[in-house]
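Tertiary structure, described
These are the residues of each chain, in order.
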Amino acid sequence: MLNSSRFFVWFLVFMIIVYGWLLIDLKSCMQIFAPVKNRELGVLEVAQAIILVSIISLGFQQYVRSLMATKVIKIVWALFIIGMGFIFLEEIDYGLHYYDFMKGNEPYSTNLLQSFRNIHNQSDNNKIIKTTVLIPQLIIFGIIPFFKRSIGGIKFGTYYAGFYWTIHFFKLLLTFILSKTLSKEGIEDLHQSQTLTEMQELAFYFMLLVF
């Protein structure tokens, strides 16, 4: 089995464990993976930051390898690194999460330029960004692998698409089950746990890292 396939399998197992834990004991699961008071220091947010740093590192390696390639390829990798660097900074609120923690401040209490903390949580930016990202994500991971194995020197194995849709299937199925369970407990807003939202972001970053 290819290494990337093993990564996919382990990630699916991880998703099932987290969602199963949510069903069994919502509070203890949230406390570890996405704490209500400060989810930025929970396992899922920290894992996202680590994966993003790994993606940036791999992108830089590809950029160095492409120095002898065409100018277009070099520009693509340079833009990729810049884009992922921006996403990383947005995820950690430009370091403010860790600054508040080390200073003993209340979570989310420090801002830059008086009122700025990040872009993605302003107005409806978060929904717009996630919707915009979903379209190329579906095309790159879920559709292209079925038609071509290699585009521009990048190999697309069909297992990418298989695991991509499997991850989404499990996510939708377990989210549905969890929503029914929480509604019985009087919890109307499924996303107030934040765990599901963070798992969705982690899944996307994970797919990008393995790809």
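What counts, and at which threshold
Residues numbered from 1 in each chain as written. Predicted model: local features only at pLDDT ≥ 70, side-chain atom pairs only at ≥ 80, totals over all residues. Heavy atoms only, no water. Helix = DSSP H or I, 4+ residues; strand = E, 2+ residues; numbered from the N terminus. Buried < 20%, exposed > 50% of the residue type's maximum accessible area, 1.4 Å probe, protein only. Lys, Arg positive; Asp, Glu negative; His and termini not counted. Salt bridge = Lys/Arg side-chain N within 4 Å of Asp/Glu carboxyl O. Contact = heavy atoms within 4.5 Å. Expected span 1.5 Å × (residues − 1). Phe/Tyr/Trp six-rings, centres within 6.5 Å; stacked < 30°, edge-to-face > 60°. Axes fitted to C-alpha atoms, helices over the stretch in contact; angles between N-to-C directions. Parallel < 35°, antiparallel > 145°, perpendicular 65-115°, else oblique. Left-handed = near helix turned anticlockwise from the far one by under 90°.

1. Brief notes about the side chain of E91
- Residue position: E91 is located in helix 4 (residues 71-91).
- The side chain of E91 sits in the buried core without any salt bridge; R39 is the nearest counter-charge, 7.7 Å away.
- When near neighbours in sequence (up to four residues on either side) are disregarded, E91 contacts E40, E45, Q48, L52, H97, E201 and Y205.

2. Notes on helix 6 (residues 125-147)
- Between its terminal C-alpha atoms helix 6 stretches 33 Å, which fits the 33 Å expected from 23 residues at 1.5 Å a residue.
- Along helix 6, the residues classified as buried are Q137, F141, G142 and P145.

3. As for the packing of aromatic side chains
- According to the stated counting rule, one finds 6 aromatic pairs in the structure shown.
- Both rings, one in W21 and one in F33, keep their centres 5.4 Å apart while their planes meet at 90°; by these two values the pair is edge-to-face. Here F33 lies in helix 2 (residues 26-33) and W21 lies in helix 1 (residues 3-24), a separation of 12 residues in the sequence.
- On the basis of relative accessible area, W21 is assigned to the partly exposed category, the value being 28%.
- Summarising the aromatic geometry, the rings of W77 and F80 are spaced 5.5 Å apart at their centres and angled 85° between planes, so their arrangement reads as edge-to-face. Taken together, the residues W77 and F80, both in helix 4 and 3 residues apart, mark about one turn of the helix.

4. Considering the environment of N105
- Position of N105 among the secondary structure elements: in the loop between helix 5 (96-103) and helix 6.
- Given the relative accessible area of 31%, N105 is considered partly exposed.
- Sequence-distant contacts of N105, that is, excluding residues within four places in its chain, are made with Y99, D100 and T110.

5. Topic: the packing of helix 4 against helix 8 (residues 195-210)
- The contact between helix 4 and helix 8 brings their axes to 14 Å, and the two run at 155°. Here helix 8 runs roughly antiparallel to helix 4, going by the angle between their axes. Read as a crossing pair, helix 4 and helix 8 show a hand that is left-handed. Contacts from F80, M84, I87 and E91 of helix 4 reach helix 8 at E201, Y205 and L208.

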